[in-house]
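These are the residues of each chain, in order.
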There are 2 protein chains.
Amino acid sequence: MAVERKTAACLAVGSELIGDRRLDSNSLTITRTLARYGLQVEEKRVVGDSVELVATAIRELLARHDLVVVTGGLGPTADDVTRDGIAQAVGRPIAPDAEVEGWIRDRYAELGREMPEVCTVMARVVEGSRPLRNTRGSAPGVLFENQGRIVAAFPGVPWEMEEMLERDLVPEIAAWSGGVARLSRTLVLGGVVESDTEEKISFLYSRFGRENVTILASYGVLRLVLSAEGDEAAAGRRLDTMESAFREVLGDDVAGVEVEGLSPVVLDRLRHRRQTLATAESCTGGLISSWLTDVAGASDVYLGGIVSYSNQAKETLLGVPRDLLLAHGAVSEEVARAMAAGARDRFSADWAIGITGIAGPTGGTPEKPVGLVHWAVAGPNGVEVRHRVFPGNRSIVREWSANAALDLLRRSLGESSS
Amino acid sequence: MAVERKTAACLAVGSELIGDRRLDSNSLTITRTLARYGLQVEEKRVVGDSVELVATAIRELLARHDLVVVTGGLGPTADDVTRDGIAQAVGRPIAPDAEVEGWIRDRYAELGREMPEVCTVMARVVEGSRPLRNTRGSAPGVLFENQGRIVAAFPGVPWEMEEMLERDLVPEIAAWSGGVARLSRTLVLGGVVESDTEEKISFLYSRFGRENVTILASYGVLRLVLSAEGDEAAAGRRLDTMESAFREVLGDDVAGVEVEGLSPVVLDRLRHRRQTLATAESCTGGLISSWLTDVAGASDVYLGGIVSYSNQAKETLLGVPRDLLLAHGAVSEEVARAMAAGARDRFSADWAIGITGIAGPTGGTPEKPVGLVHWAVAGPNGVEVRHRVFPGNRSIVREWSANAALDLLRRSLGESSS
């Protein structure tokens, strides 16, 4: 109890991050990682590519936090100012380092290229700091410790940042927590509406604390984030209790725990049943197949799909009868059924999804408005079909309907061990 | 020319925004709005729900910026600390205001509800500030001006924030620019490497100012953001001059101007030529087709695609000869060619993309490592094929190779009018 809680801050450097296009999302990964070690991020900042602004921010943040994690601004161009900003903030000189230049040359050699001369600026090292090797890119990181406070700087590229965060920073801070962790666990729900779920679970708030339950809604997927604090074992047990209590109320609405979305859940259940899947997509145009194949190992169970944007493709590649298309139109329950059945047949799959709709912004009619989507799941016991008019723009309609189709498949597959 | 450039900062208040899930996106709207009046956001911050942290942040930001826009923390609960933070930062008392309480009661009455007693805290006003009425919610905003510097605080709900931003803040700052606008224009480049482009264009920095050129790299697409300042017409002419100078150096590397990515460019060029496209994807698993169909109106030229994750699908749906698969393996130049040719044939399209590779994390061999991708474009004059070993994880390999394939198609299609 006597351990004083240490705090951290994130600083993202880059003019593009103070423009009107991009947000700094690295801070989310950093916050999550630091929380594992009981370290709370209390402040986040973004500044443009100016040595002065970077140096001022680091100085102010170091004055009130134990750890400052900087991302971005470590590349080879003139607007990469983080190295110099750190040097100025901590009042140390910066000088070329032959070993670090060697790392960069090696990295280029691995890719079969000569290091451009401009890259030598990345081999300048702040005196007293530890340069961090980048095996996923060329820009080295920086770790500077002074009087128990740390400034760590990583490249802005998430894949490169993550390597250094885990390999170089975590060992430095792992002992800081004194055993107090704040853990969280995310239940992913499919096929539900936020306000309904809110009503179902609200009686549990008083039991577990309102601040320990957060609902995050996106289009067709709801995330319920449960949190608990204490030493790691106690917080873990608390989360187990919370998970059971929420699952009891939510039943099959819970698709999975700590999963990225519905596609890994569906792939797992198929793998568990040793069955295969194919897709036939019209309005979602490959979105479902791209989500499925974004999961490593999808090829075990996902055989492939057909994006049938034209009626001709629906006929020739999926065997949807022309009569059906003429009688009911491409966006209809009948065509969704025939697409699913066609994909199941063409790929010789156990299961198949068929989806057809009007994503907009044009193409709607009074009978078939923009947002109308029919989706079907064909399986060993026949075809199930659903429809809905989704609100929102083209992207939202596509995302929502892709999730709806995956959720129908998930429920058709039933519970697995997960 | 004599107008001194004013600067602004954004501060978002809320513990949920320093967690590991949510980002402050209000700052994007604010940045865009202020830019219309020549005001540059130089710094963004996020702090948790603490009066001290909010007051410190406002004090520091007011010391170096003319305008500080705060969002969030104006609600009725104990963790809504923005009003008190402002009072502390500017050293003024805060007191209940009967008129403001009337606004809040009226708002509740409109919704047919009684105002909860807790809401009276929202009617406390910082001495010398102007309370801002909220017609889209209940929490009033704050506008405090002192010695030409402004702190404006709006609710975190975007729909409520936007009303006050336009109605209450814009009139205050509209005259600040003195007619000086900062405009920007984004050139999108495909099929290039950041350091090569940097070397090609660096001689232009001195001519146009280093701070007016920003390179944003993602996997397979590079964005070159050009900026110019002055009255609106002069800044526009300056951007025209800059664009010409950069285009002269970069030639066909420039895919388009102010476009979202390569897919709209490719669709435009096809539309211009009245030609059609189909795709055959293995490692990208539908990513290319989902990008293409995310563009409204894609159905004019994009006929559809086949995601052939299994060898059987490559044979039966794309007509890739089994001998070819056995002799060269699914990831080979020969199979990429046959996939492109097969898709072109099956969809009766003018053009088709074929792509096959090893996205990882497993499946690599010494001869065919993870990241190896072959892509082909089949068109009226034959088939072009390329390959590369892309670095990075599964998502990155997929994104990079999808962009590489779209770029090969773009270059095969030649310049359009854009």
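Residues numbered from 1 in each chain as written. Chains lettered and ligands numbered in written order. Predicted model: local features only at pLDDT ≥ 70, side-chain atom pairs only at ≥ 80, totals over all residues. Heavy atoms only, no water.

Visitor: It is not clear to me how the side chain of Arg 269 of chain A should be interpreted in this structure. Could you clarify?
Guide: All names here are of chain A. Here Arg 269 shows up in helix α9 (residues 262-273). For Arg 269, a relative accessible area of 1% corresponds to the buried category. Side-chain polar atoms of Arg 269 contact the backbone oxygen of Arg 410, separated by 3.3 Å. (Helix = DSSP H or I, 4+ residues; strand = E, 2+ residues; numbered from the N terminus. Buried < 20%, exposed > 50% of the residue type's maximum accessible area, 1.4 Å probe, protein only. Polar contact = N/O pair within 3.5 Å; in protein donor to acceptor, adjacent residues only side chain to side chain.)

Visitor: Explain the packing of helix α2 (residues 51-64) of chain A against helix α2 (residues 51-64) of chain B here, please?
Guide: Any two packed helices are characterised by how steeply their axes cross, that is the angle between the axes, and by the distance between the axes. One can describe the packing of α2 of chain A onto α2 of chain B by two numbers: an axis separation of 13 Å at closest approach and a directional angle of 155°. The pairing of α2 of chain A with α2 of chain B is recorded here as roughly antiparallel in orientation. The two elements α2 of chain A and α2 of chain B cross, and the hand of that crossing is right-handed. Contacts from Thr 56, Glu 60 and Arg 64 of chain A in α2 of chain A reach Thr 56, Glu 60 and Arg 64 of chain B in α2 of chain B. Looking at the contact of α2 of chain A with α2 of chain B, its residues break down into no nonpolar, two polar and four charged. (Axes fitted to C-alpha atoms, helices over the stretch in contact; angles between N-to-C directions. Parallel < 35°, antiparallel > 145°, perpendicular 65-115°, else oblique. Left-handed = near helix turned anticlockwise from the far one by under 90°. Contact = heavy atoms within 4.5 Å. Nonpolar A, V, L, I, M, F, W, Y, C, P; charged D, E, K, R; others polar.)

Visitor: Looking at this structure, how should I read the interface of chain B and chain A?
Guide: One frequently used descriptor of interface size is the decrease in accessible area upon assembly of the parts. Of the residues lining the interface, 75 residues belong to chain B; the matching set on chain A comes to 76 residues. Considering only the side of chain B, the residues that lose the most area to chain A are Asp 20, Arg 21 and Leu 23 of chain B, jointly responsible for 11% of the buried surface there. Viewed at the interface, chain A and chain B are joined by twelve salt bridges. The partner of Arg 45 of chain B in a salt bridge is Glu 43 of chain A, with the nearest N and O atoms 3.7 Å apart. Across the contact surface, chain B and chain A share 38 residue pairs in polar contact (both at pLDDT 80 or more). Looking at the side of chain B that touches chain A, the element that brings in the most residues is strand β2 (residues 40-47) of chain B, giving eight residues. In terms of residue class, the side of chain B that touches chain A is made up of 27 nonpolar, 27 polar and 21 charged. (Buried area = accessible area lost by both parts, 1.4 Å probe. Salt bridge = Lys/Arg side-chain N within 4 Å of Asp/Glu carboxyl O.)

Visitor: Quick question: what am I supposed to make of the sheet that holds strand β16 (residues 372-379) of chain B here?
Guide: Backbone-to-backbone hydrogen bonds join strands into a sheet, with any given pair of strands oriented parallel or antiparallel. Spatially, the ten strands line up as an open sheet ordered β17(A)-β16(A)-β15(A)-β13(A)-β14(A)-β14(B)-β13(B)-β15(B)-β16(B)-β17(B), and their pairing is mixed. Both outer strands of the open sheet, β17 (382-389) of chain A together with β17 (382-389) of chain B, are each paired with one neighbouring strand and no more. Between one strand axis and the next, the sheet turns by 10° as a mean value, whatever way the strands run. Relative to β17 of chain B, β16 of chain B runs antiparallel, the two being bridged by eight bridges. Opposite Gly 379 of chain B, over in β17 of chain B, you have Gly 382 of chain B as the bridge partner. Each of β13 (277-281), β14 (302-308), β15 (351-357), β16 and β17 of chain B touches helix α13 (residues 333-346) of chain B; the most contacted strand, β15 of chain B, lies at about 145° to it. (Pairing = 2+ DSSP bridges.)

Visitor: Got a minute to help me understand the pattern of salt bridges in this structure?
Guide: Any two side chains of opposite charge can pair if their charged atoms end up close together. Under the counting rule described, the total for this entry stands at 65 salt bridges over all chains. Note that Asp 20 of chain A is salt-bridged to Arg 32 of chain B, the shortest N-O span being 3.9 Å. Of this pair, Asp 20 of chain A sits in the loop between β1 (7-13) and α1 (26-36) while Arg 32 of chain B sits in helix α1 (residues 26-36), on two different chains. With a shortest N-O distance of 2.7 Å, Asp 407 of chain B and Arg 411 of chain B are connected by a salt bridge. Highlighted residues: Asp 407 of chain B and Arg 411 of chain B, both in helix α14 (residues 394-413), separated by four residues, approximately one helical turn. Linked by salt bridges that have partners in common, Glu 43, Arg 45, Glu 60 and Arg 64 of chain A together with Glu 43, Arg 45, Glu 60 and Arg 64 of chain B make up one network.

Visitor: Explain the packing of aromatic side chains here, please?
Guide: Here a ring pair, both rings aromatic, is described through the centre-centre distance and the interplanar angle of the planes. Summed over all chains, the structure comprises ten aromatic pairs over all chains. Judged by centre distance (5.4 Å) and plane angle (45°), the ring pair of Tyr 219 of chain B and Trp 400 of chain B falls under tilted. Remark: Trp 400 of chain B occurs in helix α14 and Tyr 219 of chain B occurs in the loop between β10 (213-218) and β11 (221-230); sequence separation between them is 181 residues. Clustering of aromatic rings is evident, with ring pairs tying together Tyr 219, Trp 375, Phe 390 and Trp 400 of chain A. (Phe/Tyr/Trp six-rings, centres within 6.5 Å; stacked < 30°, edge-to-face > 60°.)

Visitor: Even after reading the chapter, I still don't get unusual backbone geometry, so can you show me in this structure?
Guide: Note: most residues except glycine have negative phi, and most peptide bonds are trans. Following Gly 360 of chain A, the chain continues into Pro 361 of chain A via a peptide bond in cis, with omega recorded as 5°. The backbone of Glu 258 of chain A sits at a positive phi, close to 55°, despite the residue not being glycine. Inspection of the secondary structure puts Glu 258 of chain A in the loop between β12 (254-257) and α9. Glu 258 of chain A gets classed as partly exposed once you look at its relative accessible area, which sits at 48%. Within the chain, Arg 274 of chain B stands out as a residue other than glycine whose phi angle is a positive 55°. Note on placement: Arg 274 of chain B falls in the loop between α9 (262-273) and β13. Judged by its relative accessible area of 77%, Arg 274 of chain B is exposed.

Visitor: Hey, could you run me through the sheet that holds strand β7 (residues 141-146) of chain B in this one?
Guide: Strands sit in the order β6(A)-β7(A)-β8(A)-β3(A)-β1(A)-β2(A)-β2(B)-β1(B)-β3(B)-β8(B)-β7(B)-β6(B) across an open sheet of twelve strands; the sheet is mixed. Of all strands in the sheet, those with a lone pairing partner are β6 (130-132) of chain A together with β6 (130-132) of chain B, marking the two edges. This sheet shows a mean twist of 15° between the axes of neighbouring strands, independent of strand direction. Examined bridge by bridge, β6 of chain B and β7 of chain B share three bridges and lie antiparallel to one another. What sits directly across from Pro 131 of chain B, in β7 of chain B, is Val 142 of chain B. The strands touched by helix α5 (residues 158-173) of chain A within the sheet are β3 (67-71), β6, β7 (141-146) and β8 (149-154) of chain A, with β8 of chain A carrying the most contacts at an inclination of about 165°.

Visitor: What am I meant to see in the confidence of the model for chain A here?
Guide: The predicted structure's coordinates, where accompanied by low pLDDT, should not be read in detail. On average, residues of chain A score 92 in pLDDT, and 98% of them reach the 70 mark or higher. Our summary of model confidence lists the complex with pTM equal to 0.79 and ipTM equal to 0.79. (pLDDT = per-residue confidence, 0-100.)

Visitor: Help me understand helix α11 (residues 311-318) of chain A, please; the structure alone is not making it clear to me.
Guide: The α-helix advances 3.6 residues per turn, and as a result positions three or four apart in sequence lie on the same side. Burial in α11 of chain A covers these residues: Ala 313, Lys 314, Leu 317 and Leu 318 of chain A. Seen along its axis, α11 of chain A keeps its buried residues to an arc of 105°; they face one direction. As for α11 of chain A, its buried residues are in contact with β13 (277-281), β14 (302-308), α12 (322-328) and α13 (333-346) of chain A together with β14 and α13 of chain B. Residue Gly 319 of chain A follows α11 of chain A closely and has a positive phi angle near 70°. (Arc of directions from axis to C-beta.)

Visitor: Honestly, the pairing of β7 of chain A in this entry has me stumped. Any pointers?
Guide: On a regular strand, each side chain points to the face opposite its neighbour's, so the side chains alternate between the two faces of the sheet. Summarising the sheet, β7 of chain A and β8 of chain A pair through five bridges and their orientation is antiparallel. Each bridged residue has a counterpart across the sheet, and for Val 142 of chain A the counterpart in β8 of chain A is Ala 153 of chain A.

Visitor: Where do I start with the environment of Gly 72 of chain A in this structure?
Guide: Residues and elements named next belong to chain A. You can see Gly 72 is positioned in the loop between β3 and α3 (82-90). Along the backbone, Gly 72 and Pro 158 are 86 residues apart, and their C-alpha atoms lie at a distance of 9.7 Å. When residues no more than four places from it in sequence are discounted, the contact partners of Gly 72 are Val 13, Thr 82, Phe 154, Pro 155 and Gly 156.

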